[in-house]
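Here are the chains, one letter per residue:
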Amino acid sequence: MKILTVLSLLSSTIATMHAETKNPPLTQPLDLRSDGMTPPFCDSQKPVISKRGFIKRDEGHPLGGSAKPMLTWKIVSEERNVTASAWQVLVASSPALLEEGKADLWDSGKTPAGRAPGLEYGGKALAAGASCHWKVRWWGKGQEPSPWSEPAIWEVAPATPADWQGAQWIDDGRENPTEDADFYKPDPAPLMRREFEIPKPVTRARLHFAGLGLGMASINGQVLDNYAFNPPWTNFDKRILFSSHDVTDRIKEGKHCLGIRLGNGWYNPLPLRMWGHRNIRGSLPVGRPRAIALLVVDHPDGTSTTITTGDGWTTAQGPTIRNSIFIGEERDARLEPTGWDKPGFDDSKWSKAKVSGDSTLEPLQPLQMPPVRHKGGYPAQTITSPKPGVHIVDFGLNLTAVPGIRINAPAGTRITFRYGELLNEDGTLNPLTSIAGQIKGFKKGTQESKGGPGAPEFAWQQDVYIAKGGGEETFVPRFTFHAFRYMEISGLPTTPSTKDFSALPFHTDLPDAGSFSCSNEDLNRIQEICRRTFLNNVVTVQSDCPHRERFGYGGDIVATSETFMMNFDMSGFYSKTVRDWADAARPDGRLTDTAPFVGIDYCGVGWAMAHPLLLEQLHQHYGARALLDEQVPVAMKWLDGVAASRKEGLVTNGLGDHESLEQGKGPEFLTAMFIDAARRVARLARLIGKIDDATRYEAIAEESATAWSKAFLDKESGRVGVATQSAQTFALGYGAAGAADRKAVFGELVRNLTAPEDSPRLTTGIFGTQILLDELSKNGRSDLAYALADRDSFPSWKWMLKNGATTLWEDWEGGADVKSHNHPMFGSISAWFFNWLGGIECAEDAVAFDRILIRPQTVGGLYWVKSSHDTVRGKIVSNWHIKGETREFEITIPHGATASVELPALPGDVITEGGKPLSEHPEILQTRGDSTKHSLKLGGGRYRFNVAPGE
């Protein structure tokens, strides 16, 4: 037996470390689909560091970690049913000590294995900058331990104000305007610099950095790692996520310059009146852009040189004369001081940077999620000129990106770039679906913009570049981003060429965790546009859309979180999201519609329940136990408040099935969601030992379920309230209907689906659609679910495809003037692909995916499916192929997990594994069977089942 362990660090406690990348290449787009066939088991003697949760350098280790991380690993073996009974972890301050088995920091001893594959560090207190080398071994059924794993390492980031060694926030010394209109005047983004000298050889150099609202740091003119939007958006008065960088290869003996560019970001947004009335500056912590940095350089003699922000820094106005998250950037390249960020530059005419003495360091926390990165490039496909001097660049896909533009124009040439998702019939740009906050035109009877004093008449996405002249120039916006397929150019003195333009997508660099493909190419295209839409909407928060609003709405998360987790490793991203929700809670504990909070607070339970939902899913998928202790009290306080506001057990305020085609509002919807939330919070409370609270929440849920049933359920017919598809699905998916009533409720749902002439036809909104496909398959009607997925007339996903969609629409109709064409809300179909066509699903009682459901649906119309999902324990694979009358199933289960498998099988069918009858496989437990499926229990390993008709 060959047992290997692969080490990783749980991303909810470990910050990210990223490979250094130069300017993003202009390349063809990547194929987002993979075959899902790569087996997770290998016959290798040398495991590698896991990439789960962070990106690894080639020689790699993560930087900026916690002083008490969760250390995790995977078992890799060729055998089946390998399980661990105990673990032992050694942590040492040097690789030499670890090699000798001398754990001067921590020896866990032989520790009984829990359900999650990991242990929280429990050794000596660790100081900032400490390097911790560790390895693990484990015990199986026998008395002998496994060999030790390959070593891994983490470093400890600054955790307290004292760890920042005197670093202070600095800004450009200017004040923000007092009048709203003045925010729209030129306000150049500041440049900051400091020269320093390193007197000795260097063994290690680390830079810890944060810039508000957005910051870019460089050393000797070289920008740090490929971070496109740093730091992530949080409630900055409560959390600021700084990044840590390995800059050893940048720092040598001699003179150096540390340079910083600052942009407004979310910390200094414009006072735009979103929808004509909401100024998000009134809800967010705001201020003048500022930065903080700590550079620690270690020398061979054991000493260190420390460079910090504070006194001695100088500042000047940079070439970016305007920048806004929403409406774009204006840059005058003539104003760029040549060589300002390199040693030897004459900054005698620069001003002294202001030390922000009133800015606390307590909110600083290590970055514990992947950063936003540029991800390759999409070259321009075509260029048209619908009007003289106006050119339209088509990139072929709807993207969240910034343009990469090559320009050769005389000095002072002013070139304007506008962005949109659509074209008008005459080929001109239609920017209307992506205008910020629907700011279109003037207030009635006035010449004042709906966006408020000083705001533009139309808050469309726009950049302006003023050429420096003298040869080829490159323009890539630094402090904004756009969502577009088309870019309009005006002001160019020459006819443009496609080779001069590329769209540079960027998003939070989520590790890929899932693949799905099948014999229906239309479903593959739907999966592709789902994934593209998801990635377009993760610029530090999971947004509703990447242009018009860009807010982290809870309803979008509730509708799609399972889908995101099946496609990507969301452990770090969603841990940050949960904390965003806690940070955004109102003083009375109320959880609101968005996090960070931007003043929107009317959507109700379906949006606020994102917090407890993600908490439970993070525990189920990744084993995020420590997060429960931290965050369950937040969920409990929220639920208590909602429970107290009920009227005779019913919840009456909020939105229901958003974007449904029929009535989707009212207490029958809101109360159903509340029942689900109350039961979820009860389960979470029980997990952290709050038994009395759990019992109380269960009683609250039953009170509301009884009230809901009395008010809305016709038990004889199964009709719920207005009896729309949404009403029926909410009753089922959120558990409002009791066990005795579910059959009738489901029967009414099926009658509704199949009543129209063009049946099956759905009318559900974002929540109901997610529930609908799932409930159909749970109740043996995957044929109907597949028919809905494969439907090509309105309303359907294929209808979007037929009408040119390359990303998901905000609603079923589409439209050319208001609704976004880049919205993830209806992406729940991707989860159905994984959970039911592939058959891979995390069990409700799972901890770190240790209990798996495999229920592949061999629906008519499909001949094969390939699906896989990378869990914290290893890869799950569920593939099937129909050959004549035989169905072949390839299933892989990671070690440390068990799977309940249901194979489609009729009475009399013969089932074999590896060519042998199941009776010859004692490791495969046959649990039960019925007329449509055969049920098995599998441990870790690879399996190949054949189901064929009997003689």
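See the structure above.
An account of the accompanying structure is given in this report. The structure presented is a predicted model; accordingly, all values stated were derived computationally and were not measured.

## Thoughts on the sheet that holds strand β10 (residues 190-198)
Overall, antiparallel pairing links the 6 strands, which are arranged β13-β12-β15-β10-β20-β23 in an open sheet. Each of the sheet's edge strands pairs with one partner strand only, and the pair in question is β13 (222-223) and β23 (351-352).

## Things to note about the layout of surface pockets
Quantified by volume, the second largest pocket comes out at close to 1,000 Å³. Looking at the second largest pocket, it is lined by 37 residues, and the ones nearest its centre are R680, G733, D774, K778 and E844. Element by element, the count of residues in the lining of the second largest pocket is highest for helix α12 (residues 766-778), at 6 residues. Class assignment of the residues belonging to the lining of the second largest pocket gives a composition of 13 nonpolar, 10 polar and 14 charged.

## Remarks on the sheet that holds strand β37 (residues 514-518)
The strand order β37-β40-β41-β42-β48-β44-β45 describes an open sheet built from 7 strands, whose pairing is antiparallel. Whereas interior strands pair on both sides, the edge strands pair on one side only; in this sheet they are β37 and β45 (916-917). With 8 bridges joining them, strand β40 (residues 864-871) and strand β41 (residues 874-883) adopt antiparallel strand pairing. In the sheet register, V865 faces β41, and the bridge partner there is W880. Together, β37, β40 and β41 form the strand contacts of helix α15 (residues 829-838), whose direction differs from that of β37 by roughly 65°.

## So, the packing of aromatic side chains
Scanning the model with the defined rule gives 35 aromatic pairs in all. Ring centres 5.3 Å apart and planes at 85° place the aromatic pair F229 and F481 in the edge-to-face group. Taken together, the positions of F229 in the loop between β13 and β14 (240-246) and F481 in the loop between β34 (473-475) and β35 (482-490) put the pair 252 residues apart, joining distant regions of the chain. Each member of the pair, F229 as well as F481, carries the same accessibility label: buried. Of note, R550 hangs over the ring of F481, and the distance from its end group to the ring centre comes to 4.0 Å.

## Observations regarding the packing of helix α10 (residues 725-733) against helix α11 (residues 742-754)
As a packed pair, α10 and α11 sit with axes 9 Å apart at the nearest point and diverge in direction by 150°. Taken together, the axes of α10 and α11 are roughly antiparallel relative to one another. Read as a crossing pair, α10 and α11 show a hand that is left-handed. Contact residues: α10 offers Q725, Q728, T729, A731 and L732, while α11 offers R742, V745, F746, E748, L749, N752 and L753.

## Let's talk about the pairing of strand β22 (residues 328-332)
In terms of residue burial, β22 counts as a mostly covered element, since 5 of its 5 residues are buried. Neither face of β22 is exposed, since G328, E330 and D332 on one face and E329 and R331 on the opposite face are all buried. As judged from the 4 bridges shared by strand β21 (residues 320-324) and β22, these two strands associate in the antiparallel manner. Bridge pairing in β22 links T320 to R331. Where β21 hands over to β22, the hairpin turn is made up of 3 residues, counted between the paired strands.

## Here's the deal with the pattern of salt bridges
All told, the structure shown has 67 salt bridges when counted by the stated rule. For the salt bridge of E703 with R646, the shortest nitrogen-to-oxygen distance reads 3.2 Å. With E703 in helix α9 (residues 691-712) and R646 in the loop between α7 (625-644) and α8 (667-687), this pair connects stretches of sequence that are 57 residues apart. For R646, a relative accessible area of 17% corresponds to the buried category. A salt bridge links D774 to K778; the nearest nitrogen and oxygen atoms lie 3.3 Å apart. Within this pair, D774 and its partner K778 are both found in helix α12, separated by 4 residues, close to a single helical turn.

## Some words on the side chain of R418
Relative to the assigned elements, R418 resides in strand β30 (residues 414-420). Look at R418 and you get buried, because its relative accessible area is 13%.

## Digging into the packing of α8 against α10
Helix packing geometry: the angle between the two helix axes and the distance between the axes. At their nearest, the axes of α8 and α10 sit 9 Å apart, and the two run at 15° to each other. Taken together, the axes of α8 and α10 are roughly parallel relative to one another. Remark: the crossing between α8 and α10 carries left-handed chirality. Here F669, A672, M673 and D676 of α8 come into contact with α10, specifically with S726, A727, F730 and G733. In terms of residue class, the contact of α8 with α10 is made up of 5 nonpolar, 2 polar and 1 charged.

## As for the nonpolar core
Core analysis: the biggest nonpolar cluster contains 196 residues, and F326, F551, W708 and F945 have the highest contact counts within it. Residue contributions to this core peak at 12 residues, all from α8. Filtering out sequence-adjacent residues up to four positions away, W708 remains in contact with L650, E668, T671, A672, I675, L713, V720, A731, A736 and A737. Core analysis: the next-biggest nonpolar cluster, separate from the first, contains 23 residues, F417, F484, M487 and A503 among them.

What counts and what doesn't
- Residues numbered from 1 in each chain as written.
- Predicted model: local features only at pLDDT ≥ 70, side-chain atom pairs only at ≥ 80, totals over all residues.
- Heavy atoms only, no water.
- Pairing = 2+ DSSP bridges.
- Helix = DSSP H or I, 4+ residues; strand = E, 2+ residues; numbered from the N terminus.
- 1 Å grid on protein atoms, 1.4 Å probe; cavity = no way out; pocket = protein on both sides within 12 Å on 5 of 7 lines; lining within 4 Å.
- Points joined across faces, edges and corners; volume = space filled by probe spheres on them.
- Nonpolar A, V, L, I, M, F, W, Y, C, P; charged D, E, K, R; others polar.
- Contact = heavy atoms within 4.5 Å.
- Axes fitted to C-alpha atoms, helices over the stretch in contact; angles between N-to-C directions.
- Phe/Tyr/Trp six-rings, centres within 6.5 Å; stacked < 30°, edge-to-face > 60°.
- Buried < 20%, exposed > 50% of the residue type's maximum accessible area, 1.4 Å probe, protein only.
- Lys NZ or Arg CZ within 6 Å of the ring centre and 35° of its normal.
- Parallel < 35°, antiparallel > 145°, perpendicular 65-115°, else oblique.
- Left-handed = near helix turned anticlockwise from the far one by under 90°.
- Salt bridge = Lys/Arg side-chain N within 4 Å of Asp/Glu carboxyl O.
- Core = buried A, V, L, I, M, F, W, Y, C linked by side-chain atoms within 4.5 Å.

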